[in-house]
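Here are the chains, one letter per residue:
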Amino acid sequence: MLKIAVPNKGSLAETAAWMLEEAGYRGRRDAKELISVDARNEVEFFYLRPRDIATYVGSGALDVGITGRDLLLDSGSPATEVQGLGFARSTFRFAGQAGRFGSVQDLAGARVASSYTVLVEQHLASLGVEATLVRLDGAVESAVRLGVADAVADVVETGATLRAQGLEVFGDPILSSEAVLITSGRDAPGLGTLKRRLDGVIVARDFVLVDYDIERSRLDAAIGVASGFESATVSPLHDPEWAAVRVMVRRAETNAIMDALADVGARAIIVTRIHAARI
Ligand SMILES: Nc1ncnc2c1ncn2[C@@H]1O[C@H](COP(=O)(O)OP(=O)(O)OP(=O)(O)O)[C@@H](O)[C@H]1O
Ligand SMILES: O=P(O)(O)OC[C@H]1O[C@H](OP(=O)(O)OP(=O)(O)O)[C@H](O)[C@@H]1O
Ligand SMILES: [Mg+2]
């Protein structure tokens, strides 16, 4: 059986469980369960703290897991990232009181609070900056106001938490993170299927199908707006002057593409959700 590590709580848990469900697996029914078996798909799920998942997978105790790229790098585990899963996107950044720091070099001799001290230490060492790390479990943004650190290094999504504490980012981002699929590096039965299924979920989540009718004289202009995943499907209509076109487009771009298609003369533009896909 393929042994899969799944985040049991925190920002990653809900979407990770949803993706696995969409991929056709049956996860736990009760939030208190730590292990659940999906016999039909021959997989076993282990619900673990997101921070521990890389340790279990890297040791080979479990075959594959879902965690954050930042957590993987901070764990020092030999587990490897197979693919990004496109959720829990964030950057990992230094921040300090507005105007106090101009660059990462200014951190020399300063106290830096973080929950990701390995990651931060490695980053500072690579830049030759010596600072004192203060390891905290969470709510790191409070560390400066409360006087236990001069700066922080933390997960930033909208930046609202930093702003609320009067902090601002400085220096280049340390990392771009998202939820990732990680493995022990060893192939395991069912791993290929899991990856293909998750790819299908990502496509179904991030893309939609756009259909429209277009006069053949304007076909090239319309295909120029959206050319599809491989190439657009162009079908004849009863009226030989007209064609029907189907393309896949990024869901986030749907309305901009519909506007542009309408501008080049497309009619009857219809957008359909993709329920499942194998690309
Ligand atoms: N606001 C956020 N936006 C996007 N990703 C986030 C956010 N907060 C945390 N993450 C990501 O979630 C992962 C950390 O998950 P984890 O469950 O350990 O912490 P958490 O979500 O902060 O939960 P908690 O604070 O309840 O322990 C990391 O990969 C991190 O980048
Ligand atoms: O840039 P923002 O949109 O404000 O999001 C980033 C914040 O979200 C997370 O905090 P969380 O609520 O998980 O609390 P924690 O610090 O205790 O982990 C993260 O640790 C940052 O603090
Ligand atoms: Mg958090």
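These numbers were taken from a predicted model, which means no experiment stands behind them.

## Here we look at the site of ligand 2
Near ligand 2, the surroundings consist of 13 residues, among which Gly 138, Val 155, Glu 157, Thr 158 and Thr 161 are the closest. Of all the secondary-structure elements, those providing two or more residues to the shell around ligand 2 are strand 9 (151–156) and helix 6 (160–164). The dominant element in the shell around ligand 2, judged by the number of residues it contributes, is strand 9, at three residues. For the shell around ligand 2, the class distribution of residues is five nonpolar, five polar and three charged.

## Considerations on the UniProt feature "domain: ATP phosphoribosyltransferase catalytic" (unreviewed entry) in the chain
What UniProt calls "domain: ATP phosphoribosyltransferase catalytic" (unreviewed entry) maps, in this numbering, to residues 49–185. Taken as a whole, residues 49–185 contains 27% helix and 35% strand, while its terminal C-alpha atoms sit 21 Å from one another.

## Some points on unusual backbone geometry
In this model, Glu 42 sits at a positive phi of 55°, which is unusual for a non-glycine residue. Within the secondary structure, Glu 42 is located in the loop between strand 2 (35–38) and strand 3 (43–48). The backbone phi angle of Ala 268 is positive, close to 50°, even though this residue is not glycine. With respect to the helices, strands and loops of the structure, Ala 268 is situated in strand 15 (residues 267–273).

## Things to note about the site of ligand 1
As a matter of local geometry, ligand 1 sits amid 14 residues, with Gly 10, Ser 11, Gly 68, Ser 90 and Glu 157 nearest to it. At the level of elements, helix 2 (50–59) and helix 3 (69–75) are the ones that each hand at least two residues to the shell around ligand 1. For the shell around ligand 1, the residue count by class is five nonpolar, six polar and three charged. Counting only domains with at least three residues in the shell around ligand 1, you end up with domain 1 (2–88 + 178–189) and domain 2 (90–176).

## Description of the sheet that holds strand 7 (residues 111–114)
Read from one edge of the open sheet, five strands run 8-7-9-6-10, paired in mixed fashion. The sheet is open, and its two borders are formed by strand 8 (132–135) and strand 10 (167–177), each paired with just one other strand. Averaged over all pairs of adjacent strands, the angle between strand axes in this sheet comes to 25°, irrespective of strand direction. Across six bridges, strand 6 (residues 90–97) lies against strand 9 in antiparallel orientation. Across the sheet, Arg 93 pairs through a bridge with Asp 154, a residue of strand 9. With respect to the sheet, helix 4 (residues 117–127) is in contact with strand 7, strand 8, strand 9 and strand 10, its orientation differing from that of strand 8 by roughly 170°.

Criteria and thresholds
- Residues numbered from 1 in each chain as written.
- Chains lettered and ligands numbered in written order.
- Predicted model: local features only at pLDDT ≥ 70, side-chain atom pairs only at ≥ 80, totals over all residues.
- Near = placed C-beta within 6 Å.
- Helix = DSSP H or I, 4+ residues; strand = E, 2+ residues; numbered from the N terminus.
- Nonpolar A, V, L, I, M, F, W, Y, C, P; charged D, E, K, R; others polar.
- UniProt positions renumbered as here; feature names shortened; annotations may be inferred.
- Domains from an automatic or database assignment.
- Pairing = 2+ DSSP bridges.
- Axes fitted to C-alpha atoms, helices over the stretch in contact; angles between N-to-C directions.
- Contact = placed C-beta atoms within 7 Å.

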